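# Tertiary structure, described
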Amino acid sequence: MGQGVLSAAAVGPDFEPGFSSRDGELYCDAVPAGHIAEAVGTPAYVYSAGVVRQQYRRLDAALGGVPHRVHYSVKANSNLAILRLLQAEGAGVDIVSGGELYRAREAGFAGRDIVFSGVGKTARELDEALAEGVLFVNVESEGELVVLDEVARARGMVAPVALRVNPEVMVDSPHHYIRTGEKGHKFGIPYDDVRDAARLTRSLPNVELVGIDMHIGSQLSSFEPYADALERVSALVTQLRADDFDRIRYLDVGGGLGVVYRDEPATDVERYAEGVARAARALDVTLVLEPGRFLVAEAGLLLTKVLYRKRSGGKEYVITDAGMNDLLRPSHYEAFHEIVATRPRGHRVVADVVGPVCESGDFLARNRVVDDARPGDVLGIRTAGAYGFVMASNYNSRPRPAEVLVDGDRYAVVTERERYEDLVRQERAALDWRTA
Ligand SMILES: *Cc1c(COP(=O)(O)O)cnc(C)c1O
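Predicted, not measured: the structure shown is a model, and the values here were computed from it.

### Looking at the overall build of the protein chain
- For the protein chain, the helix and strand inventory stands at 12 helices and 21 strands.
- Relative to the 2.2 N^0.38 estimate, which gives 22 Å for 436 residues, the radius of gyration of the protein chain is 23 Å and therefore close to what a compact globule would have.
- Here the C-alpha coordinates of the protein chain stretch approximately 70 × 60 × 45 Å along the principal axes.
- Buried positions account for 56% of the 436 residues belonging to the protein chain.
- For the protein chain, the proportion of contacts with a sequence separation of at least 24, taken over those separated by at least 6, is 69%.
- Put simply, the protein chain shows about 19000 Å² of open surface, and 48% of that area lies on carbon and sulfur atoms.
- Positive and negative side-chain charges of the protein chain, numbering 51 and 64 respectively, have mean locations separated by a distance of 2 Å.

Structure follows, in structure tokens:
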């Protein structure tokens, strides 16, 4: 998808899926974004089904003939409609909690289409995953192996396990919070400890080692860290096979494929696919991928209305009805999201675009050249399909936004905007005291 300057696309029966500008108006597929803002209200996340499909198909096609499974990382955008859409494309899922398992089942994924990742799974979550018959569990510590073995024994089954290796390579993610494959991180089993963990699986009767897994970080646009990690992980698989672990049949290379938020180099999907496929072929294993951001980020736009304009300390402010509780990425990762007006006024200003939350860290953009938008105008925060709504909170008792799926010339609300009643639903004002 082209980013930066919006392309003028022909919006008709043969429109391009995604966001484009036509006659001075922003469209998602063939639907004017401003129409959605009016009909559904703001803030609202809008997703293009066509872009999700496009991304999935591009990755899937690039993997060509090598046996592979694309397991979408649910945490990037866990909306049931997005999950259903990817399921229809043939994807599996990668989950990191019992809640995501529940969503995956609700969306219609079978157990064998699910892999279970995460550094801190509870016994209950592991039990729920085994009950569903997940393809394998990505185990991140010896302690987890022991718990999984106990849980599997109680169920009278053998749990299929992939060990998540920390390949301990240098990763150049744009923010250190999204690097996960360097030495000393909490994720994965330290490289030099993996053979011991593998031996432990042998002494535990209710687990079986079927794969090796890695996930080195997020928003990676270069293949280099993958190449380094694959080399180390491949050597490990060869070593483990020499140690007689002959049931290893999956190589899970995790997610991390980058997208263009601003001026990053676009991910060379074909190069990536060729590299991971080559590693899988050399080891004669089924390749498993866990892309999240790559499949959904560019498909999403956050619509927000301008509430006020003001000047303070020589600075220009655009105050919007979306804040850090709706889109956390700018304040949490200092992430850049392009901001466009749904009906640009044509002249531009340098401004901070900020939300209503009572925090100085509540901003969507700082010192940004943006459209000289006036109160009532609607802005679109681009590339918001991944780690957007899923990180939304109710901070400042703000109801979470609506989510809308667009497919061609149709759109549907896929998450209703929260209401005030939802904010207090789980709370009890009349206290039911208990004593120990
Ligand atoms: C978050 C995560 C992913 C997806 O990462 P992206 O950068 O969104 O592709 C994949 N696997 C694991 C284990 C993760 O934690």
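### Brief notes about the UniProt feature "binding site: pyridoxal 5'-phosphate" (unreviewed entry) in the protein chain
- Taking the UniProt record as the reference, the feature "binding site: pyridoxal 5'-phosphate" (unreviewed entry) is found at Gly256, Glu290, Pro291, Gly292, Arg293 and Tyr387.
- Along the chain, glycine 256 turns up in the loop between β12 (250-252) and α9 (269-283).
- Under the relative-accessibility criterion, glycine 256 is labelled buried at 7%.
- Sequence-distant contacts of glycine 256, defined by excluding residues within four places in its chain, comprise His215, Gly217, Ser218, Gln219, Leu220 and Tyr226.
- Positionally, tyrosine 387 belongs in the loop between β19 (378-382) and β20 (402-407).
- Apart from the residues lying within four places of it in its own chain, the contact partners of tyrosine 387 are Lys75, Ala76, Arg293, Leu327 and Arg329.

### Some remarks on the side chain of glutamate 418
- Within the secondary structure, glutamate 418 is located in the loop between β21 (410-415) and α12 (420-424).
- Within the structure, glutamate 418 has its side chain in polar contact with the backbone nitrogen of arginine 400 (distance 2.7 Å).
- Ignoring any residue separated from it by four or fewer positions in sequence, one finds glutamate 418 in contact with Asn394, Pro399, Arg400 and Leu423.

### Observations concerning the domain arrangement of the protein chain
- We note that the domain assignment places domain 1 (3-48 + 297-423) and domain 2 (118-289) within the protein chain.
- With centres defined by C-alpha atoms, the gap from domain 1 to domain 2 works out at 35 Å.

### Overview of the site of the ligand
- In the vicinity of the ligand lie 14 residues, with Lys75, Ser218, Glu290, Arg293 and Tyr387 positioned nearest.
- Separating a nitrogen atom of the ligand from a side-chain N or O atom of glutamate 290 is a distance of 2.6 Å.
- In this structure, tyrosine 387 approaches the ligand through a side-chain N or O atom, which is 2.5 Å from an oxygen atom.
- A total of 390 Å² of accessible area belongs to the ligand in isolation, and the protein chains cover 94% of it.
- Residues belonging to the shell around the ligand are distributed by class as follows: 2 nonpolar, 7 polar and 5 charged.

### A few points about the packing of helix α4 (residues 98-106) against helix α5 (residues 123-132)
- At a minimum axis separation of 9 Å, α4 and α5 run at an interaxial angle of 25 degrees. Between α4 and α5, the angle is such that the two are roughly parallel. Read as a crossing pair, α4 and α5 show a hand that is left-handed. Contacts between α4 and α5 involve Gly98, Leu101 and Arg105 on the former and, on the latter, Glu125, Glu128, Ala129 and Glu132.
- Of the residues contributing to the contact of α4 with α5, the split by class is 2 nonpolar, 1 polar and 4 charged.

### Focus: the environment of alanine 365
- On the secondary structure map, alanine 365 appears in strand β18 (residues 363-371).
- Setting aside chain neighbours within four positions, we find alanine 365 in contact with Ile339, Ala351, Asp352 and Val353.

### Thoughts on helix α6 (residues 142-154)
- For α6, with 13 residues, the first-to-last C-alpha span of 19 Å sits near the 18 Å given by 1.5 Å per residue.
- Among the residues making up α6, those that are buried are Glu144, Leu145, Leu148, Asp149, Val151 and Ala152. Each buried residue of α6 sits inside an arc of 170 degrees when the element is viewed along its axis, so together they form one side.
- Buried residues along α6 sit in contact with α5, β8 (136-139), β9 (159-166), α7 (194-203) and β11 (207-213).
- Within two residues after α6, glycine 156 carries a phi angle of roughly 65 degrees, on the positive side.

### Some words on the environment of glutamate 132
- Inspection of the secondary structure assignment puts glutamate 132 in helix α5.
- On the basis of relative accessibility, which here comes to 31%, the residue glutamate 132 falls in the partly exposed class.
- It is 20 Å that separates the C-alpha atoms of glutamate 132 and asparagine 79, two residues lying 53 residues apart in sequence.
- Beyond its immediate sequence surroundings of up to four residues, glutamate 132 is in contact with Leu101, Arg105 and Gly111.

### Regarding the packing of aromatic side chains
- One pass over the structure, following the stated rule, counts 6 aromatic pairs.
- With centroids separated by 6.2 Å and ring planes inclined at 20 degrees, the aromatic side chains of tyrosine 45 and tyrosine 47 adopt a geometry described as stacked. The two residues tyrosine 45 and tyrosine 47 agree in class, both being buried.
- A ring pair is formed by phenylalanine 136 and tyrosine 250, whose centres lie 5.1 Å apart and whose planes are at 40 degrees; its orientation type is tilted. Note that phenylalanine 136 is positioned in strand β8 and tyrosine 250 in strand β12, a separation of 114 residues in sequence. Of the two residues, phenylalanine 136 and tyrosine 250, both sit in the buried class.

### Description of the side chain of aspartate 326
- Assignment of secondary structure puts aspartate 326 in the loop between β15 (315-320) and α11 (329-333).
- At 2.8 Å, the side chain of aspartate 326 forms a polar contact with the side chain of arginine 398.
- Aspartate 326 has contacts with Pro43, Tyr45, Leu302, Asp321, Gly388, Ala392, Arg398, Pro399 and Pro401, leaving out every residue within four places of it along the chain.

How each quantity is defined
- Residues numbered from 1 in each chain as written.
- Predicted model: local features only at pLDDT ≥ 70, side-chain atom pairs only at ≥ 80, totals over all residues.
- Heavy atoms only, no water.
- Helix = DSSP H or I, 4+ residues; strand = E, 2+ residues; numbered from the N terminus.
- Rg over C-alpha atoms; globule rule 2.2 N^0.38 Å.
- Buried < 20%, exposed > 50% of the residue type's maximum accessible area, 1.4 Å probe, protein only.
- Contact = heavy atoms within 4.5 Å.
- Areas by Shrake-Rupley, 256 points an atom, 1.4 Å probe, with all protein chains shown as cover.
- Lys, Arg positive; Asp, Glu negative; His and termini not counted.
- Charge placed at Lys NZ, Arg CZ, Asp CG, Glu CD.
- UniProt positions renumbered as here; feature names shortened; annotations may be inferred.
- Polar contact = N/O pair within 3.5 Å; in protein donor to acceptor, adjacent residues only side chain to side chain.
- Domains from an automatic or database assignment.
- Near = heavy atom within 4 Å.
- Nonpolar A, V, L, I, M, F, W, Y, C, P; charged D, E, K, R; others polar.
- Axes fitted to C-alpha atoms, helices over the stretch in contact; angles between N-to-C directions.
- Parallel < 35°, antiparallel > 145°, perpendicular 65-115°, else oblique.
- Left-handed = near helix turned anticlockwise from the far one by under 90°.
- Expected span 1.5 Å × (residues − 1).
- Arc of directions from axis to C-beta.
- Phe/Tyr/Trp six-rings, centres within 6.5 Å; stacked < 30°, edge-to-face > 60°.

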